[in-house]
Number of protein chains: 2
Amino acid sequence: MATVGRLAGVSQVTVSRALSDPSKVSPATMRRIRDAIDITGFVPNAVAGALASRRSKLISALVPSLTNTVYASMMQSFSDLMRDNGYELLLSECGFQAETEEKLIAAHLSRRPDAFYLTGIHHTTRARQMLIGADIPVVEVWDLTDTPIDICVGFDHREVGRAMADFAADAGYRHAATVGAGDARALRRRDAFADRFAARGGTCAGDVTFQDSASVAHGREGLSRLIDEHGFSSGVIACSSDLMAEGILIEAQKRRLSVPDQIGVLGFGDQDFAAHLEPALSTVRVDRPALGTTAAQAVLKRLHGSNPEHSRVDIGFQLIRRGSA
Amino acid sequence: MATVGRLAGVSQVTVSRALSDPSKVSPATMRRIRDAIDITGFVPNAVAGALASRRSKLISALVPSLTNTVYASMMQSFSDLMRDNGYELLLSECGFQAETEEKLIAAHLSRRPDAFYLTGIHHTTRARQMLIGADIPVVEVWDLTDTPIDICVGFDHREVGRAMADFAADAGYRHAATVGAGDARALRRRDAFADRFAARGGTCAGDVTFQDSASVAHGREGLSRLIDEHGFSSGVIACSSDLMAEGILIEAQKRRLSVPDQIGVLGFGDQDFAAHLEPALSTVRVDRPALGTTAAQAVLKRLHGSNPEHSRVDIGFQLIRRGSA
DNA sequence: GTGAAAGCGCTAACAC
DNA sequence: GTGTTAGCGCTTTCAC
């Protein structure tokens, strides 16, 4: 920067100003600085800038899985808006264990991000302390709590489970089963589903829970186990993910079980493919782009000064009736 | 850090040493420093560390799409290995346009990453210059070239197209069509497929190319348009993605076209679901975790000193014969 | 094994 | 509109 300044016949600070706010520098100077930058191939050092200004223009983001489209699509819209505002993402995959997350939070915090994006609301006590101590905007997405660290944007997973049960009961199903993943949020949806379905007079005939991530393979295996091990023969199956639901649809077709008459299938997520399966998948839609955008807006508002009050945004969800149940 | 030192009765440098290399500090001092850190809740400032040491322990990564599992799964294994070695990821979505990528490269470079991960080999001239000028390890994945910026790890997309054509011809198909995305790599596979299939005496009856990302919906629409607009009635369809192939499978089932007899379907990617569709999808497998890991190993080798020679690793691919063709 | 001094390349505050 | 002076919080180098 000093070199650029020398070439342009100004001091180093003027170059700094030219780069951060061109209006603070005369047009003629600006031109000479531009030329000098082109000649030298100067690339500003944001590390030094961050140290001096105490603003890194970096957002830390922790997602359970990089390959899960559900988390990725929230991130995508979140990061788009943040990038438009000059922020870049420091991203890590944190899995589903709070201890792993805690370590990553510490590592990220040492890089002095300007804000933090977390998936979910379950964190270790120390993680919460560190985050609060960092005194930066923190947004927790994909779940809701009355005691967010700072901001949370999500929806009520129990409410989803209940809505799925009501939907199934209203559709006339009297028997149900559940197939899903073992993470905290999926379990809450599952349990709420089972409770409500029973309350509506139905019977829950079985459950298959997988510890690893959702997949079509698990869906197929889930239906097989429901039939072979739990004697499930007809009714509705509520899944924790559209992928599982798709697997069930495929396995049902293979076994010549008619959907939605003999077997009803309810997905979760309304992923791209859900509407295009045969039969099309009835599922729960959460507006993930809106969720990511809302989270980004809330963070930006905090970053641009203003309102220090905690916030909690319920983005809601929507049951989509299609052919599978 | 100075505060921690005062509390522990040592100087600031000693704290720095204790944190970066405990063996350089006496056990007793170490203990007192540890205690002081616990008491103060000190979180080291990696920004200052990066500025002073000129090593950021940050890797820049650019992927075309965050929601595409194919790119995400390479990233995942790459980032796992990098994280194990103390590096974090600065990640951005760069789309499929080289100009967008160039801007992002400039932005990332200003943060002084220790290495760069790029998807693909097509970059603007200025992007190449900046990257070379940065004098850090650069790995280009998912494609191959004889003139990598530094390291490239991938496979030959034309070779994939040819292998798919040979596979189709060997399976006895005489007519073919292609359905795919419009990015450079997909187009190269498609063109190589068409050329080779024709060379094998087959006829290519039509092509549907979508400009946006692959999806099941596009697959269904692709088959519909092949039939309605191109008069396609039987033969093999080579897709640029398993997702498209799945859409074709579904549309074919809906239209009661038998697979693989009347219509053969060839996917690309061997994504999780491919083996679990009905019929199971014949497709091209690329070992993405191995690709990511290989890329990470190459970068780490460069980072830990040693061999400055350019490298090019062909990770290969594999045609998987399943039921769909 | 520990300390003192000198930066890393910027921005902030204040002059002019 | 531009320059000067002081840091930001570490690591590096060189003493001891």
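This one's a predicted model, so the numbers in the text were calculated from it and none came from an experiment. (Residues numbered from 1 in each chain as written. Chains lettered and ligands numbered in written order. Predicted model: local features only at pLDDT ≥ 70, side-chain atom pairs only at ≥ 80, totals over all residues. Heavy atoms only, no water.)

Remarks on the UniProt feature "domain: HTH lacI-type" (unreviewed entry) in chain A
- Under the feature "domain: HTH lacI-type" (unreviewed entry), the UniProt entry names residues 1-53 of chain A.
- From the first C-alpha to the last, residues 1-53 of chain A spans 16 Å; its make-up is 72% helix and 0% strand. (UniProt positions renumbered as here; feature names shortened; annotations may be inferred. Helix = DSSP H or I, 4+ residues; strand = E, 2+ residues; numbered from the N terminus.)

Side note on the environment of Gln-253 of chain A
- With respect to the helices and strands, the residue Gln-253 of chain A is situated in helix α11 (residues 242-254).
- For Gln-253 of chain A, a relative accessible area of 33% corresponds to the partly exposed category.
- Taking C-alpha positions, Gln-253 of chain A is 9.7 Å from Glu-278 of chain A, a pair spaced 25 residues apart along the chain.
- Sequence-distant contacts of Gln-253 of chain A, that is, excluding residues within four places in its chain, are made with Gln-253 and Glu-278 of chain B. (Buried < 20%, exposed > 50% of the residue type's maximum accessible area, 1.4 Å probe, protein only. Contact = heavy atoms within 4.5 Å.)

Quick notes on the relation of the copies chain B and chain A
- Placing chain B over chain A gives an RMSD of 0.1 Å and needs a rotation angle of 180°, together with 0.0 Å of translation along the axis. Both copies are brought into coincidence by an operation consistent with a two-fold rotation axis. Residues of chain B ranked by C-alpha distance from the rotation axis are headed by Leu-90 of chain B, positioned 2.3 Å from it. (Least-squares fit on C-alpha atoms with pLDDT ≥ 70 in both.)

Description of empty space enclosed by the protein
- As enumerated under the stated definition, the model contains four cavities of 30 Å³ or more in all.
- Roughly 150 Å³ of volume is contained in the largest cavity.
- Lining the largest cavity we find Ala-46, Val-47, Ala-50, Ser-56, Leu-58 and Arg-111 of chain A together with Ala-46, Val-47, Ala-50, Ser-56, Leu-58 and Arg-111 of chain B.
- Put simply, the parts of the chain that give the lining of the largest cavity at least two residues each are α4 (46-53) of chain A together with α4 (46-53) of chain B.
- In the lining of the largest cavity, the residues fall into eight nonpolar, two polar and two charged. (1 Å grid on protein atoms, 1.4 Å probe; cavity = no way out; pocket = protein on both sides within 12 Å on 5 of 7 lines; lining within 4 Å. Points joined across faces, edges and corners; volume = space filled by probe spheres on them. Nonpolar A, V, L, I, M, F, W, Y, C, P; charged D, E, K, R; others polar.)

Observations regarding the domain arrangement of chain A
- Examined at the domain level, chain A breaks down into domain 1 (2-44), domain 2 (57-155 + 288-316) and domain 3 (157-285).
- Here the C-alpha centroids of domain 1 of chain A and domain 2 of chain A sit 36 Å apart. (Domains from an automatic or database assignment.)

Section: the protein's contact with DNA strand C
- As a structural note, the neighbourhood of DNA strand C is formed by 24 residues, with Val-13 and Ser-16 of chain A together with Thr-14, Arg-17 and Thr-29 of chain B the closest of them.
- Close to the protein, within 4 Å, the atoms of DNA strand C belong to sugar or phosphate groups at a rate of 62%.
- One nitrogen or oxygen atom from the main chain of Ser-11 of chain B is found 2.9 Å from a phosphate oxygen belonging to DNA strand C.
- For DNA strand C, a phosphate oxygen lies 3.0 Å from a polar atom in the side chain of Arg-54 of chain B.
- Counting only elements with at least two residues in the surface near DNA strand C, the list comes to α2 (12-20) and α4 of chain A together with α2 (12-20) and α4 of chain B.
- Classifying every residue of the surface near DNA strand C by side-chain character gives ten nonpolar, nine polar and five charged. (Near = heavy atom within 4 Å. Polar contact = N/O pair within 3.5 Å; in protein donor to acceptor, adjacent residues only side chain to side chain.)

Concerning helix α7 (residues 125-134) of chain B
Residues and elements named next belong to chain B.
- By the burial criterion, the buried members of α7 are Ala-127, Met-130 and Leu-131. Considered in projection along α7, the buried side chains sweep an arc of 95° and stay on one side of the axis. Of the residues in α7, the exposed ones pointing more than 90 degrees away from the buried face are Thr-125, Gln-129, Ile-132 and Gly-133.
- Of the surrounding secondary structure, the elements contacted by the buried residues of α7 are α6 (98-109), β3 (115-119) and β4 (138-141).
- Positive backbone phi, at 55°, marks Asp-135, one or two positions downstream of α7. (Arc of directions from axis to C-beta.)

A closer look at the packing of helix α8 (residues 157-170) of chain B against helix α9 (residues 184-199) of chain B
Residue and element names in this part refer to chain B.
- Direction vectors running N to C along α8 and α9 enclose 40°, while the axes themselves pass 7 Å from each other. Between α8 and α9, the interaxial angle falls into the category oblique. As for the relative orientation of α8 and α9, their crossing is right-handed in sense. Along the contact surface, α8 presents His-157, Arg-158, Val-160, Gly-161, Arg-162, Met-164, Ala-165, Asp-166, Ala-168 and Ala-169, while α9 presents Arg-185, Arg-188, Arg-189, Ala-192, Phe-193, Arg-196 and Phe-197. (Axes fitted to C-alpha atoms, helices over the stretch in contact; angles between N-to-C directions. Parallel < 35°, antiparallel > 145°, perpendicular 65-115°, else oblique. Left-handed = near helix turned anticlockwise from the far one by under 90°.)

So, the protein's contact with DNA strand D
- As a structural note, the neighbourhood of DNA strand D is formed by 23 residues, with Val-13, Thr-14, Arg-17 and Thr-29 of chain A together with Ser-16 of chain B the closest of them.
- Taking the atoms of DNA strand D that fall within 4 Å of the protein, sugar and phosphate contribute 63% of them.
- One of the backbone N or O atoms of Ser-11 of chain A is found 2.8 Å from a phosphate oxygen in DNA strand D.
- The contact in question runs from a phosphate oxygen of DNA strand D to an N or O atom on the side chain of Arg-55 of chain B, over 2.8 Å.
- Those elements that place two or more of their residues in the surface near DNA strand D are α2 and α4 of chain A together with α2 and α4 of chain B.
- If you tally residues by element for the surface near DNA strand D, the top one is α4 of chain B, at four residues.
- Class assignment for the residues of the surface near DNA strand D results in ten nonpolar, nine polar and four charged.

Some thoughts on the pattern of salt bridges
- The final tally for this structure, using the stated rule, is 40 salt bridges over all chains.
- For the salt bridge of Arg-255 of chain B with Asp-228 of chain B, the shortest nitrogen-to-oxygen distance reads 3.9 Å. Within this pair, whereas Arg-255 of chain B is found in the loop between α11 (242-254) and β9 (263-266), its partner Asp-228 of chain B is found in helix α10 (residues 216-230), the two being separated by 27 residues in sequence.
- With relative accessibility at 56%, the residue Asp-228 of chain B sits in the exposed group.
- Each of Arg-220, Asp-228, Glu-251, Lys-254 and Arg-255 of chain A together with Glu-278 of chain B takes part in one network of salt bridges that share partners. (Salt bridge = Lys/Arg side-chain N within 4 Å of Asp/Glu carboxyl O.)

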